[in-house]
Amino acid sequence: MTSVAGPAHPGLTVVRAAVGDPLVRPMLRELGDEYAARYGKDAHAELLRYPAGEFAPPHGALLLLVAGGEAVAGGAFRRHEAPGTAEFKRIWTHSAHRRRGLARRVVAELEREASARGYRRAYLTTGPRQPEARELYLATGYTPLFDTGADPESIGPLPFEKQLDSAGERP
């Protein structure tokens, strides 16, 4: 467990967790509900698409921001098929804690962790009905790998990438 620094996020700690950890349940529940609300009831299956072990060391990680013993934000990564690339997944902020910059913090923590594990590139996708996620990735320096002028519904999952340096920050 490591402390989260900075006055914008007092009292938060970064915790590495396993998919089956009880602290992760609110994240999976809210993500499933959010996916179902935006894409239909079958969207819950997205959470089962990858085996839990893909988000575990040495090639993956699941990180949570915890306050008062409860997860308030989190995200994960797994090894992507492209060499040296971490695929970020499950970036989430608890519905009661949004609009506080926590998603940006999660992305930064995932970048640091992935970089520390030797990854040099981050790759992720978001759904076409998640404009707030699209804006998060653009605001945190991710390069869109799609035509940003096109209707997102005509594209499908929206892919992004970012080069990581040795500190897990923007080069």
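In what follows, the structure referred to is the one given above.
The rules we used
- Residues numbered from 1 in each chain as written.
- Predicted model: local features only at pLDDT ≥ 70, side-chain atom pairs only at ≥ 80, totals over all residues.
- Heavy atoms only, no water.
- Helix = DSSP H or I, 4+ residues; strand = E, 2+ residues; numbered from the N terminus.
- Buried < 20%, exposed > 50% of the residue type's maximum accessible area, 1.4 Å probe, protein only.
- Contact = heavy atoms within 4.5 Å.
- Core = buried A, V, L, I, M, F, W, Y, C linked by side-chain atoms within 4.5 Å.
- Phe/Tyr/Trp six-rings, centres within 6.5 Å; stacked < 30°, edge-to-face > 60°.

Points about the side chain of Gln130
Consideration 1: Take Gln130: it is sitting in the loop between β6 (121-126) and α3 (131-139).
Consideration 2: Under the relative-accessibility criterion, Gln130 is labelled buried at 14%.
Consideration 3: Those residues in contact with Gln130, other than ones at most four positions away along the chain, are Tyr35, Arg38 and Tyr39.

Quick word on unusual backbone geometry
The phi torsion of most residues other than glycine is negative, and most of the peptide bonds are trans.
Consideration 1: Residue Pro57 is joined to Pro58 through a cis peptide bond whose omega torsion reads 10°.
Consideration 2: Here Pro58 shows up in the loop between α1 (25-39) and β3 (61-67).
Consideration 3: Even without a glycine there, the phi angle at Arg90 is positive, about 60°.
Consideration 4: Structurally, Arg90 can be placed in strand β5 (residues 85-93).
Consideration 5: With a relative accessible area of 7%, Arg90 lands in the buried category.
Consideration 6: Of note, the phi angle at Arg99 is positive, near 70°, even though the residue is not glycine.
Consideration 7: Among the secondary structure elements, Arg99 is positioned in the loop between β5 and α2 (102-116).

Quick word on the nonpolar core
Consideration 1: Among the nonpolar cores identified, the biggest contains 27 residues, and Leu65, Phe77, Phe88, Ile91, Tyr137 and Tyr142 are the most heavily contacted of them.
Consideration 2: Among the secondary structure elements, those contributing two or more residues to this core are β3, β4 (70-79), β5, α2, β6, α3 and β8 (158-163).
Consideration 3: In contact with Phe88, other than residues within four places in its own chain, are Ala76, Phe77, Val107, Leu110, Glu111, Ala114, Ala122, Tyr123, Leu124 and Tyr142.
Consideration 4: Judged by nonpolar contacts, the second largest core, of 16 residues, contains Leu31, Leu47, Leu64 and Val66.

Remarks on the packing of aromatic side chains
Consideration 1: In this structure the tally under the stated criterion is six aromatic pairs.
Consideration 2: Residues Phe77 and Tyr119 carry aromatic rings whose centres are separated by 5.8 Å and whose planes lie at 80° to one another, so their mutual orientation is edge-to-face. In this pair, Phe77 sits in strand β4 while Tyr119 sits in the loop between α2 and β6, placing the two residues 42 residues apart along the sequence. As far as the burial class goes, Phe77 and Tyr119 line up, both buried.
Consideration 3: The interplanar angle of 85° and the centroid separation of 5.3 Å between the aromatic rings of Phe146 and Phe160 together place this pair among those described as edge-to-face. Within this pair, whereas Phe146 is found in the loop between β7 (143-144) and α4 (152-155), its partner Phe160 is found in strand β8, the two being separated by 14 residues in sequence.
Consideration 4: Among the residues examined, Phe146 registers a relative accessible area of 13% and is labelled buried.
Consideration 5: An aromatic cluster of at least three residues, connected via ring pairs, comprises Tyr137, Tyr142, Phe146 and Phe160.

The analysis is restricted to geometry; functional conclusions fall outside its scope.
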